[in-house]
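Here is what each chain is made of, one letter per residue.
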Amino acid sequence: MFDLEQLIDFDKHLLLMMNGSDSLFFDGVMHVYTTTVVWIPFALSLVYLLIKNNSLMNFLVLLLMVALVVVLTDGITSTICKPLFARFRPTHDPEIMYMVDIVNGYRAYKYGFMSSHAANSFGLAMFVMLLVKNRLLSISLIVWALINCYSRIYLGVHYPGDIVCGMLVGILSGLVVYRLYDYIRDKMRSGNRGWISDNYTKSGYSVSDIHFMLMVLYATFAMIPAIAFITLQYKLI
C-alpha cells in the first residue's frame, strides 16, 4: 500500500544525506554553478549554433520554441505546482531547516515543489538533444542538467523528490515542444533533412559548430571552480 508520509520521510532523509559538505571550496562551486549569469556564454553559443544552421525564419521559430519550453516548465513548476502543493523547501521546513547546510545564507523562496531549475534545464536539454541529434552534445547536456539538479540539493533548497518531479516535467515539456516544432517545420517545409556527411548531423547541424558550443560548455565547467577558488581566497583575506 502506498504510504505518502513514509515517502516524504525518506525524501527528507535522502536530502540530509546529499546536502552540503565540509568543504568551503565545494560550497563555492555549487553556489556558482546554480547562478544564471555564469551560463550566459553557453546560452549565446546555443544561439550561435541555431543561427548558423538555420534560415532566418526557422531560427525565429526555434527561438519561439525554446521560449515555449521555458514558459511550460516554469509555468507548471512555479506558477501552478509551488503554490498548489505549498511544500516547504528544506531551508524553510520547520522540521529540518536547522539541520540543513546552507551556503552564503541562501534559502530561496519558501516553497520548492517542483524544482524549476530541474524542469528548465532538462526541458532545454531534451529539446536541443532531439533537435541537433549529436551523441556527444546529448551526453554533455545530460551531465550539465544533472549537476544543475544536484547543486539544488547540495544547497538545501530542494528535496530529491522536488528534483525528480521537475526533471520529468522538463523531459515531457521538451519532448512535446519538439513534436510541435517538427509539425511546424513540416508545414513550412524548411530545415535541413537527410544530410549524408561526417561534417553534419542527421538533422543538418554542423559538427564544427557543435564542437564550438561544447568548447564553451567545457570552458564554463572549468571556469566555475576557478571562480569559486578566487572568491574563497578573497573572503579569507
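Please refer to the structure higher up on the page.
Quick look at the structure, then. None of these values were measured; they are calculated from a predicted model.

Thoughts on the layout of surface pockets
(1) Moving on: As a volume, the largest pocket reaches approximately 540 Å³.
(2) Moving on: Lining the largest pocket are 20 residues, and of these T36, W39, A43, L124 and W144 sit closest to its centre.
(3) Moving on: Breaking the lining of the largest pocket down by element, the ones donating at least two residues are α3 (40–52), α4 (56–85), α5 (116–132) and α6 (135–154).
(4) Moving on: Per-element accounting of the lining of the largest pocket gives the leading share, six residues, to α3.
(5) Moving on: Across the lining of the largest pocket, the residue classes tally to 13 nonpolar, seven polar and no charged.

Examining the environment of Y150
(1) Moving on: Position of Y150 relative to the elements: it lies in helix α6.
(2) Moving on: Using a relative accessible area of 28% as the deciding quantity, one classes Y150 as partly exposed.
(3) Moving on: Each C-alpha atom of the pair Y150 and V128 lies 21 Å from the other, and the pair is 22 residues apart in sequence.
(4) Moving on: With near-sequence residues (within four places) excluded, Y150 lies in contact with M18, F26 and M30.

What about the packing of aromatic side chains?
(1) Moving on: Applying the stated criterion across every chain, the model contains 15 aromatic pairs.
(2) Moving on: Aromatic pair F26 and Y154: ring centres 5.3 Å apart, planes at 90°, arrangement edge-to-face. One end of the pair, F26, is in helix α2 (residues 24–33); the other, Y154, is in helix α6, and 128 residues separate them in sequence.
(3) Moving on: On the basis of an interplanar angle of 65° and a centroid distance of 5.2 Å, the ring pair of Y48 and F212 is categorised as edge-to-face. Pair noted here: Y48 is in helix α3 and F212 is in helix α8 (residues 207–236), with a separation of 164 residues, a long-range link.
(4) Moving on: We classify Y48 as partly exposed; its relative accessible area is 35%.
(5) Moving on: Three or more aromatic residues joined by ring pairs form one cluster here, namely Y33, W39, F42, W144 and F221.

Section: the pattern of salt bridges
(1) Moving on: Using the criterion set out here, one finds six salt bridges in the structure.
(2) Moving on: Between D11 and R87 there is a salt bridge; the shortest N-O distance is 3.0 Å. In this pair, D11 is assigned in helix α1 (residues 4–18) and R87 in the loop between α4 and α5, connecting sequence segments 76 residues apart. A single burial state applies to D11 and to R87, both of which are buried.

Details of the nonpolar core
(1) Moving on: Judged by nonpolar contacts, the single largest core of 51 residues is most densely connected at F127 and L131.
(2) Moving on: Every element with two or more residues in this core is listed here: α2, α3, α4, α5, α6, α7 (160–188) and α8.
(3) Moving on: With eight residues, α5 is the single largest residue contributor to this core.
(4) Moving on: Ranked by size, the runner-up nonpolar core spans five residues in total, among them C81, F113, M114 and A119.

Thresholds applied
- Residues numbered from 1 in each chain as written.
- Predicted model: local features only at pLDDT ≥ 70, side-chain atom pairs only at ≥ 80, totals over all residues.
- Heavy atoms only, no water.
- 1 Å grid on protein atoms, 1.4 Å probe; cavity = no way out; pocket = protein on both sides within 12 Å on 5 of 7 lines; lining within 4 Å.
- Points joined across faces, edges and corners; volume = space filled by probe spheres on them.
- Helix = DSSP H or I, 4+ residues; strand = E, 2+ residues; numbered from the N terminus.
- Nonpolar A, V, L, I, M, F, W, Y, C, P; charged D, E, K, R; others polar.
- Buried < 20%, exposed > 50% of the residue type's maximum accessible area, 1.4 Å probe, protein only.
- Contact = heavy atoms within 4.5 Å.
- Phe/Tyr/Trp six-rings, centres within 6.5 Å; stacked < 30°, edge-to-face > 60°.
- Salt bridge = Lys/Arg side-chain N within 4 Å of Asp/Glu carboxyl O.
- Core = buried A, V, L, I, M, F, W, Y, C linked by side-chain atoms within 4.5 Å.

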